[in-house]
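# Chain and residue survey
Spelled out, the chains give:
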Amino acid sequence: MLKIGIDKIGFYAPHLYVDMNKLAVARNVEPEKFTIGIGQEKMAVPPITQDAVTLAANAALEIIDEDDKEKIDFVIFGTESGIDHSKSSAVYVHQLLGLKPNARAVEVKQACYGATAGLQMAKGHIALNPDSKVLVLGADIARYGLNTSGEATQGAGAVAMVISADPKIMALEENNVYYTNDIMDFWRPIYSDQAFVDGKFSNEQYIAFFNKVWGQYKEMTGHALEDFEAICYHLPYTKMGLKALRTVLEEAPENVQDRLKENYQISTMYNRNVGNIYTGSLYLSLLSLLERKEDLASGSRIGMFSYGSGAVGEFFTGVLQPNYREHLHLASHESLFASRKEVSVEEYEEIFENTLPKDGANIELDIEQDPAPICLAGVNDHMRQYVNKNN
Ligand code: HMG
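Summary of the structure given here. (Residues numbered from 1 in each chain as written. Predicted model: local features only at pLDDT ≥ 70, side-chain atom pairs only at ≥ 80, totals over all residues. Heavy atoms only, no water.)

## What to know about the overall build of the protein chain
Assigned secondary structure in the protein chain consists of 13 helices and 18 strands. Its C-alpha atoms give the protein chain a radius of gyration of 20 Å, within 12% of the compact-globule value 21 Å for 391 residues. For the C-alpha atoms alone, the extent of the protein chain along its principal axes is close to 60 × 55 × 40 Å. Within the protein chain, the proportion of its 391 residues that are buried is 58%. A total accessible area of about 16200 Å² is found for the protein chain, and carbon and sulfur atoms account for 48% of it. (Helix = DSSP H or I, 4+ residues; strand = E, 2+ residues; numbered from the N terminus. Rg over C-alpha atoms; globule rule 2.2 N^0.38 Å. Buried < 20%, exposed > 50% of the residue type's maximum accessible area, 1.4 Å probe, protein only. Areas by Shrake-Rupley, 256 points an atom, 1.4 Å probe, with all protein chains shown as cover.)

This is the structure:
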């Protein structure tokens with residue numbers, strides 16, 4: 001049977017971050033609430049020159065080569081911080097990357113689940129067109145507002161994946177279980193640039209959806225926790241996946257529990273330092289596991305739990321391919337993290353409030369302050385102006 005899955009995976013986060021200990025002090029809460037209770041160390045802060053399009057394009061830039069440019073005939077962009085009600089963010093990224101014109105380009109929306117929907121659509125597309133490749137993007141800016149209870153769970157960033165036949169990193173297996181139920185745990189009305197959330201309810205529903213799809217998956221496949229080297233979760237904050245994992249851990253013998261707990265911690269390392277990137281969060285967790293667990297063997301089965309408020313959940317699995325480590329971009333991600341710059345809480349608040357004009361006025365932005373290759377340079381006649389500094 002044709003193997004289909006993740007051939008390449010790239011990542012980008014803005015170059016600025018705020019320290020969660022300092023944010024806690026500024027908000028009059030104990031730092032341990034944010035670093036242990038929520039499980040976040042640093043939160044990415046997007047400058048005005050980054051939006052969902054630029055974040056995604058920057059993530060894709062590091063993985064796309066000439067062969068990909070020839071073969072990618074479908075760009076699927078999962079996001080809930082899109083920049084236009086009509087035109088898809090995928091069309092902008094298609095242009096910024098110089099992909100071939102004979103391609104489809106669409107945006108997919110269902111909260112944090114969008115990139116998973118994209119990944120599964122890509123799998124179907126490759127099954128029908130085994131010689132082509134699909135670019136799947138998940139990029140978002142998570143905004144709840146200053147001084148809100150969701151503030152500590154903000155973030156910004158993007159993951160880009162090339163999906164192909166005979167993938168070099170991870171082959172997706174069959175037996176996906178998905179589940180939809182209309183609930184109001186988190187949403188963002190069209191008139192608001194900040195999310196509305198029922199925090200406690202969203203936590204409960206996340207866990208309930210996980211239990212539902214995991215239960216059905218076990219029934220359908222006869223698999224158990226023992227069959228997994230690790231389970232990666234959508235991570236709105238790193239404590240969230242742990243809460244879900246804990247509800248099932250006792251199903252496994254102690255050595256398996258220890259393995260899953262240890263690998264869970266490794267799978268949260270990048271997210272802990274970036275925050276919630278919504279659609280990309282599950283895939284950032286996968287990337288963290290792959291890049292940070294040096295002895296993770298080829299052939300390992302990885303479980304993946306995707307959750308998008310509103311809500312859709314899915315459990316699916318993949319198997320790591322021979323020599324997958326050779327196809328990761330570890331050095332580039334190490335340098336991305338090492339070269340980030342800390343901003344004070346006051347600076348973060350200023351950046352947060354410095355948004356694009358809402359009345360349609362033109363604006364020119366200073367892209368020299370932003371080291372990213374692809375930036376938003378301004379808005380002219382209601383059109384966002386993107387620049388690829390490499391061109
Ligand atoms: P909160 O009410 O401020 O926090 O909001 P809390 O009082 O629940 O405390 C959080 C944890 O810190 C608790 O641990 C405390 O005990 C602990 P828990 O009981 O939960 O294990 N704590 C401490 N620990 C150590 N030392 C201390 C200390 N003090 C307290 N001194 C909440 C937290 C997550 C609700 C809020 O930030 C929020 O609303 N965030 C946004 C919503 C969210 O992330 N929901 C997650 C599930 S929904 C989802 O994942 C989808 C999403 O990504 C959106 C999408 O799909 O697009 C959000």
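## Let's talk about the packing of helix H11 (residues 281-292) against helix H12 (residues 330-338)
Direction vectors running N to C along H11 and H12 enclose 110 degrees, while the axes themselves pass 11 Å from each other. Classified by the angle between their axes, H11 and H12 sit roughly perpendicular to one another. Remark: the crossing between H11 and H12 carries left-handed chirality. Contacts from Leu287, Glu291 and Arg292 in H11 reach Leu330, His333 and Glu334 in H12. Residues belonging to the contact of H11 with H12 are distributed by class as follows: two nonpolar, one polar and three charged. (Axes fitted to C-alpha atoms, helices over the stretch in contact; angles between N-to-C directions. Parallel < 35°, antiparallel > 145°, perpendicular 65-115°, else oblique. Left-handed = near helix turned anticlockwise from the far one by under 90°. Contact = heavy atoms within 4.5 Å. Nonpolar A, V, L, I, M, F, W, Y, C, P; charged D, E, K, R; others polar.)

## Here's the deal with H12
For H12, the set of buried residues is His333, Leu336 and Phe337. What you see down the axis of H12 is that its buried residues fit within an arc of 95 degrees, all on one side. Of the exposed residues in H12, those oriented more than 90 degrees away from the buried face are Ala331 and Ala338. Those residues of H12 hidden inside the fold are in contact with strand S1 (4-12), helix H10 (269-272) and H11. (Arc of directions from axis to C-beta.)

## Quick word on the sheet that holds strand S15 (residues 341-342)
An order of S3-S2-S15 is seen for the three strands of this open sheet, with the pairing classed as mixed. Two strands close off the open sheet at either side, each with one partner strand: strand S3 (42-45) and S15. (Pairing = 2+ DSSP bridges.)

## Re helix H2 (residues 31-38)
The set of residues buried in H2 consists of Phe34, Thr35 and Ile38. All buried residues of H2 lie within an arc of 120 degrees about the axis, which places them on one face of the element. Those residues of H2 that are buried lie in contact with helix H1 (20-26), helix H8 (238-246) and H10. Note on H2: the residue one or two positions beyond its end, Gly39, has a positive phi of about 90 degrees.

## Some details on a negative patch on the surface
A surface patch of like charges, here negative, comprises Glu346, Glu347, Glu350 and Glu353. The topology assignment puts Glu346 in helix H13 (residues 345-353). (Patch = residues over 30% accessible without salt bridge, like charges linked within 9 Å, V, L, I, M, F, W, Y side chains within 5 Å. Salt bridge = Lys/Arg side-chain N within 4 Å of Asp/Glu carboxyl O. Lys, Arg positive; Asp, Glu negative; His and termini not counted. Charge placed at Lys NZ, Arg CZ, Asp CG, Glu CD.)

## Observations concerning the site of the ligand
Around the ligand, a shell composed of 29 residues is seen, among which Glu80, Cys112, Ser149, Lys200 and Lys243 lie nearest. Between Thr153 and the ligand, the recorded distance is 3.2 Å, taken from a side-chain N or O atom to a nitrogen atom. Contact between the ligand and Ser202: a nitrogen atom at 2.8 Å from a side-chain N or O atom of the residue. Mapping the ligand onto the cavity grids shows that it belongs to the second largest pocket. Mapped by element, the contributors of at least two residues to the shell around the ligand are H2, helix H7 (199-221), H8 and strand S13 (301-308). Residues that form the shell around the ligand fall into these classes: eleven nonpolar, eleven polar and seven charged. Both domain 1 (4-168 + 328-388) and domain 2 (172-323) contribute no fewer than three residues apiece to the shell around the ligand. (Near = heavy atom within 4 Å. Polar contact = N/O pair within 3.5 Å; in protein donor to acceptor, adjacent residues only side chain to side chain. 1 Å grid on protein atoms, 1.4 Å probe; cavity = no way out; pocket = protein on both sides within 12 Å on 5 of 7 lines; lining within 4 Å. Sits in = over half its atoms within 2 Å of the grid points. Domains from an automatic or database assignment.)

That is the geometry; function is a separate question.
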